[in-house]
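Topology and contacts: notes
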Amino acid sequence: MAAPLAPGGFEFAIDRGGTFTDVFARCPGGRVRVLKLLSEDPAYRDAPTEGIRRVLQEELGVPLPRDQPLDASGIRWIRMGTTVATNALLQRRGERAALAVTRGFRHLLHIGTQARPQLFDLEVAMPEVLYEEVIEVDERLIPEQPDCHLPGRVAGVTLLVQRPLDVARLREDLERVLARGIRSLAVLLLHSYAWPGHEQQVGALAQSLGFAQVSLSSAVAGMARAVPRGLTACADAYLSPGVRRYLRGFCQGFRHGLRGVQVLFMRSDGGLTPMDTFGGARAILSGPAAGVVGYARTTFDPQDGTPVIGFDMGGTSTDVSRYAGEFEHVFEATTAGVAIQSPQLHISTVAAGGGSRLFFRSGLYVVGPESAGAHPGPACYRKGGPLTVTDANLVLGRLLPEFFPRIFGPGEDQPLCRDTAAAALSVEEVALGFIRVANEAMCRPIRALTEARGHEAARHVLACFGGAGGQHACAIARTLGMARVFIHRHSGLLSALGLALADAVQEEQEPCALPYGPGAFPRLEERLRELERRCRDGLRAQGFEPEQIRTEPFLHLRYEGTDCALMVSARGHPAHPGSCAAGDFLAAFTARSVPQCHQLCPSVTALSQCHCPVPVSPALSQSHHSPGVPAPPDRRRSTIVVEPGCVATVTRFGDINIAVGAGPAAARDTRLEPVRLSVFSHRFMSIAEQMGRALQRSAVSTNIKERLDFSCALFGPDGGLVSNAPHIPVHLGAMQEAVQFQIRNLGPELREGDVILSNHPRAGGSHLPDLTVITPVFWPGQPRPVFFVASRGHHADVGGCSPGSMPPHSQSLAQEGATFVSFKLVTNGEFQEQAVTEALLAPGAVPGCSGTRNLRDNLADLRAQVAANQKGIGLVRELIEQHGLEVVQAYMGHVQANAELAVRDTLRAVAARWGTSLAAEDTMDDGTPIRLRVVPPPSPQGSAVFDFGGTGPEVLGNCNTPRAITLSALIYCLRCLVGHDIPLNQGCLAPVQVRIPPGSILDPSPEAAVVGGNVLTSQRVVDVVLRAFGACAASQGCMNNVTFGSARGGYYETVAGGAGAGPGWAGRSGVHTHMTNTRITDPEILELRYPVVLRRFELRAGSGGAGRHRGGDGVIRELQFREPTQLSVLSERRATRPYGMAGGLPGAPGLNLLLRRDGRLINLGGKSSVSVEPGDIFRLLTPGGGGFGPPEDGGDPQGPPEPPDPQDLWRGSAFEFRQAQEAL
């Protein structure tokens, strides 16, 4: 509830942002003062304190020296949002911390989901963990049978204490860490969310020994999934001491330390909390959350119910969010590479703000993600900063220096300098071009927040705020088809106003694993009543009266068998006899998880002329109409540009409503223009991205929904790739081959309403579980398709001789499952369910094989792929309606030519450095060679021939690789070598001629087995290409495919290894490399869902190759089986070692071991399928990456692979790992 007001005094609401600090002050008598100042400035110690000082000094009329504490006796309350925690996390300037974790999992948080954030970054740059010391705790809880009666267990989860806590050893380890000066501790014990007893014992002991900060994962984020819970606990331990220091310092700026003044801080969930409970993981979105509250309270009209998009453009980034009558929360989000598991407002951020830097690369305008920051800031700040979006706006007259704060230059008393910006940006058309590209970049997260989730962007109001938002709002609204922009009179500091309007919030939570249904309702209602009681008690303790308090229950729900959960309230879904007494949460969940799919109507304006609005100096008056001018309302706190064709009306309150007109007609010019090239590049990529989000949301299988093993793409009328959202690298070029095959094979048989299903290697397929759904895009008056859209997803099973359709010993394609060449999945708009069902079950006729073992998921995911394609078709058609078919197809060609230019530049640079011929060779474990010779001629064309002549013949096993996969590997390597973002399309291969010997392992016969080629040989092709270019040492060269199946179902995972080192970096340890980037299942979810115990998951020390830069280490992963099952392993680099480079030593090979419960230790080899019994343990040691450069001591410290310790294999507990999901 809103805080009760004191009888008199000043009220301050302050938002300390990354660049500016905004102050909203209500003075005695009702006078409002607003103030904006730099968040970091050498002239003062703390920006919020300085803002309060300036207001008090001006209002009271007495000098208040900066070096003297302020008298707070006249202040009613202070409310703040701050980036202190965010900045500490981004800059890694938190407290020295240690992690106490269950033994066997010391590197669990380093490995995380095993996915890398940037697909094409060979360095695999990732944020480091927040702790510097690890304590392994001897204890273990595991899920047990329903008759387990562990005290304090979560409803629906029963646990067994398999290994009690070893307190004596723990004490020794804690004292050792304390002796190093570390006083902050995070604690993560597996399954502590369900029973925190062991964690509480660890915490009590640590505090008694002298740790100043102890963050228990069960207390900070008491939900299942160990990795995000552990990361949240680490963030809390890392950030809380610094936040407390800041709060103490803030209080010291006032006499008596603000005693008697109500001081509240904004949390990430949009609620205010007392200063003494603010900190750590709940503080990271403090500032952005205040902005959401601000526009929700000032823009949304509950009478008409029109939803609002919040557009908060600041100096370093832009936040977008949505409000439709209630705040949208998520329970997990990632900030600065750290997954935070706590309730927080759903805010998407794009690195494009006023301070975003401007570049011109390979013919493309590029905005960000690099930022000039607050100091030195943009070039016009007079501090020697780089060129930014703010400079472009200033050059165009969209910023009026006389209405901008005079806080720049060495003396902090000068206005913005247009001359500095204009000297760097001499041509206004160039400046406008950068603005248009920045606008398009900021439209992408809005589309993801609306259209990709089933909401039509055009049916929203755009609520614009933030210091830079007003200069871009009209253009962005027009691009998205929105008819109205609302700009509050205090838009330049709406986050500060939101703090003044926010409620104090008390939040309580606890885990529950019950299935939602009538049998669980009594328990749910009991726990919700208890949580409500705690919330009310907490607010009453803050001084609120019972009648001021209202409560709202939330449930975190997911479909059974998945881990994609939504936090939902029952608002708008009242209780009925068949629901929980607190409301119909099932209806609320269904409404959010299966939204209605509206037709999308984005309105994109292709700008090819320079429209500079006329500068006007006076502020708009009430009821004034202003077409096409910049208007400086908000008492010089922000500038608003009213674009041509738009009309602004000032309300009697001083707010601005802008009616967004159609604007200038889009130019139908097919000639290449760099600005439009950048805009179309964004739009084409956005189509593929939105298709991917639609597919993930509507699919049901773990592989697509959670492991993210899918890709979506847009293709031209010739089947050439236009844009491919970078989901899975192995799909990059292969889908183009699949589409072009259908064009050749079906030709005029393709009709509107047809959808093609294909997976056969000779038709551009990768391996049979990857089903590709292709839909032609028709346009009136055109007899042939004008575009194609396609989606490829890995299905859990398509039949064949082993569960999961990943047989390690298949010798023919028929043994690997159902095949589709040019199968019409949809004909004249009718889904051919019976025909596709028969085809999926057909492998059962092959001796020793079965039809699909998961038909229901197959059909559901195929329908999801069809729906994702329809999403793409709608977006393509809207683009054509706005620009015309001829223009869209012309820019398709221009975007492809731009990618070609970037690759030619790279090949020219290679030719200049290495000469006219490059060559490399590597071998598979069976000795089959893969040879490559690259011949970049010295001519200026920058072309090359990639000749795989001499590569070994097709093999009897399944490591044969379809030609399409080799092309995917080549596109991936070329994109990595370019080193910066370029469109991923067929232009990448235009400068390249590829020669692959027919009948070789890289172009086998149509019926050859290929399942291993997609997941194993593709990695070796990458190793060979990168070796030829001298780019880096070899990475693990394998995906380490593990499958097991039993009566309870089947499971499939790929496991991380070591990355290769390069000329300026050490290889990353425990990460997926090159041709895959799928995520791994969280240990707790694995053990809850499957009959295994994950005993160990950590880095394999010393497995990376030695060198000046050492290769990354592989991992050790141990699974103990709890019931009879069939285990299959498909792997490589067991006989060969990942090569080092430039004198670096190779990484260690992998090893697959099975320890039988009778004590026998068995080497399974690289490819094996074996029956296992309860108690058997599978131990996987994945390869390390190669080193780069000669080791300093000239020796090989690596030695042979670490031998297993039978005692250690048996000691401890079980673990399983699931691939996590990307939140939408």
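Here the structure is shown first, and the text comes after it.
Conventions and cut-offs
- Residues numbered from 1 in each chain as written.
- Predicted model: local features only at pLDDT ≥ 70, side-chain atom pairs only at ≥ 80, totals over all residues.
- Heavy atoms only, no water.
- Pairing = 2+ DSSP bridges.
- Helix = DSSP H or I, 4+ residues; strand = E, 2+ residues; numbered from the N terminus.
- Axes fitted to C-alpha atoms, helices over the stretch in contact; angles between N-to-C directions.
- Phe/Tyr/Trp six-rings, centres within 6.5 Å; stacked < 30°, edge-to-face > 60°.
- Buried < 20%, exposed > 50% of the residue type's maximum accessible area, 1.4 Å probe, protein only.

Quick notes on the sheet that holds strand S48 (residues 1177-1181)
In space, the five strands of this open sheet follow the order S42-S43-S48-S45-S46, with antiparallel pairing throughout. In this open sheet, the two strands that pair with only one neighbour each are strand S42 (1092-1099) and strand S46 (1161-1163). If you compare each strand with its neighbour and ignore which way they point, the axes differ by 15 degrees on average.

Topic: the packing of aromatic side chains
Evaluated as defined, the whole model comprises 17 aromatic pairs. Consider the rings of Phe10 and Phe12, whose centres lie 6.0 Å apart with planes at 15 degrees: the pair is stacked. Here Phe10 and Phe12 have matching classes, each one buried. Aromatic side chains Tyr1051 and Tyr1090 sit 4.8 Å apart centroid to centroid with 55 degrees between the ring planes, which places their arrangement in the tilted category. Here Tyr1090 lies in the loop between helix H25 (1083-1089) and S42 and Tyr1051 lies in strand S41 (residues 1049-1054), a separation of 39 residues in the sequence. Exposure class is identical for Tyr1051 and Tyr1090. Each is buried.

Considering unusual backbone geometry
At Ser805, a residue that is not glycine, the phi angle is positive and equals roughly 55 degrees. For Ser805, the location among the structural elements is in the loop between strand S33 (787-794) and strand S34 (823-827). Classification of Ser805 by relative accessible area gives buried; the value is 0%. For Arg1133, which is not glycine, the phi torsion reads 55 degrees and is therefore positive. Residue placement: Arg1133 occurs in the loop between strand S44 (1125-1130) and strand S45 (1151-1155).

Notes on the sheet that holds strand S12 (residues 272-274)
Pairing is mixed in the open sheet, where six strands are placed in the order S3-S2-S1-S4-S11-S12. In this open sheet, the two strands that pair with only one neighbour each are strand S3 (32-38) and S12. Taking the axes of each pair of neighbouring strands and ignoring which way they run, one obtains an average angle of 20 degrees across the sheet. Bridge analysis of strand S1 (residues 10-16) against strand S4 (residues 75-82) gives seven bridges, and the strand direction is parallel.

Any functional reading would require information that these geometric values do not contain.
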